[in-house]
Amino acid sequence: QVQLVESGGGLVQAGGSLRLSCAAAGRTFNWYTVAWFRQSPGKDREFVAGIHWSGGSTLYADSVKGRFIISRDNAKSTVFLQMNLLKPEDTAVYYCAADTPGSTIKSMLGAYDYWGQGTQVNVSS
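Residues numbered from 1 in each chain as written. Predicted model: local features only at pLDDT ≥ 70, side-chain atom pairs only at ≥ 80, totals over all residues. Heavy atoms only, no water.

**Here's the deal with the pairing of strand S9 (residues 92-98)**
The element S9 is largely enclosed, with a buried count of seven among its seven residues. Sheet topology note: the strand S4 (residues 34-39)/S9 ladder contains six bridges and is antiparallel. Bridging across to S9, glutamine 39 finds its partner in valine 93. Sheet topology note: the S9/strand S11 (residues 119-124) ladder contains three bridges and is antiparallel. Note on S11: the bridge partner recorded for tyrosine 94 is threonine 119. (Buried < 20%, exposed > 50% of the residue type's maximum accessible area, 1.4 Å probe, protein only. Helix = DSSP H or I, 4+ residues; strand = E, 2+ residues; numbered from the N terminus. Pairing = 2+ DSSP bridges.)

Rendered as structure tokens:
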């Protein structure tokens with residue numbers, strides 16, 4: 001079991017930046033591939049970005065490529081999502097999720113076993 005807690009959400013103007021954090025507790029975090037998903041009202045939860053447990057590879061949704069950066073600090077058991085050049089369409093609840101230890105990065109919702117409670121991001125125009 002691993003417990004995930006997101007933080008860092010808030011209200012920001014379009015063009016601004018926010019950094020989300022996903023702090024993990026429980027089993028050794030180093031072996032978990034982690035992803036960020038987001039969900040807007042009336043829409044399905046969608047993949048945003050993922051980072052391999054080794055930190056050696058990342059994957060991004062086309063909608064955020066070039067604007068968002070996912071990173072991890074295994075010593076602090078934390079994954080970050082740096083969000084730059086934010087747009088109103090980035091408004092959503094952002095969730096971090098962890099896959100089974102040693103997994104590759106996947107963009108499918110059902111691949112992830114552990115989820116945080118989410119943090120709200122609002123981008124005003």
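**Focus: the state of the cysteines**
Applying the stated criterion across every chain, the model contains one disulfide. A disulfide bridge connects cysteine 22 with cysteine 96, and the sulfur atoms are separated by 2.1 Å. Here the disulfide of cysteine 22 and cysteine 96 is right-handed, its torsion about the S-S bond being about 65 degrees. Note that cysteine 22 is positioned in strand S3 (residues 18-26) and cysteine 96 in strand S9, a separation of 74 residues in sequence. Take cysteine 96: its relative accessible area is 0%, and that puts it in the buried class. (Disulfide = S-S within 2.5 Å.)

**Some thoughts on the pairing of S3**
Looking at chain direction, strand S1 (residues 2-7) and S3 are connected through six bridges and run antiparallel. Residue pairing for S3: serine 7 is matched across the bridge by serine 21. Here six bridges tie S3 to strand S8 (residues 78-83), and the two strands are oriented antiparallel to one another. Bridge pairing links cysteine 22 to valine 79 in S8.

**Some words on the packing of aromatic side chains**
Note on aromatic pairs: each is described by the distance of the centres and the angle between the planes. In this structure the tally under the stated criterion is six aromatic pairs. For the ring pair phenylalanine 37 and tyrosine 112, a centre distance of 5.4 Å and an interplane angle of 75 degrees mean the geometry is edge-to-face. Of this pair, phenylalanine 37 sits in strand S4 while tyrosine 112 sits in the loop between S9 and strand S10 (114-115), and the two are 75 residues apart along the sequence. By relative accessible area, phenylalanine 37 is classed as buried at 1%. (Phe/Tyr/Trp six-rings, centres within 6.5 Å; stacked < 30°, edge-to-face > 60°.)

**Describing the nonpolar core**
Counting residues in hydrophobic clusters, the biggest one holds 37 residues, and the most contacted among them are Trp36, Leu81, Met83 and Tyr94. Counting residues per element, the ones that place at least two in this core are S1, S3, S4, strand S5 (46-51), strand S7 (68-73), S8, S9 and S11. The biggest single contributor to this core is S9, with five residues. (Core = buried A, V, L, I, M, F, W, Y, C linked by side-chain atoms within 4.5 Å.)

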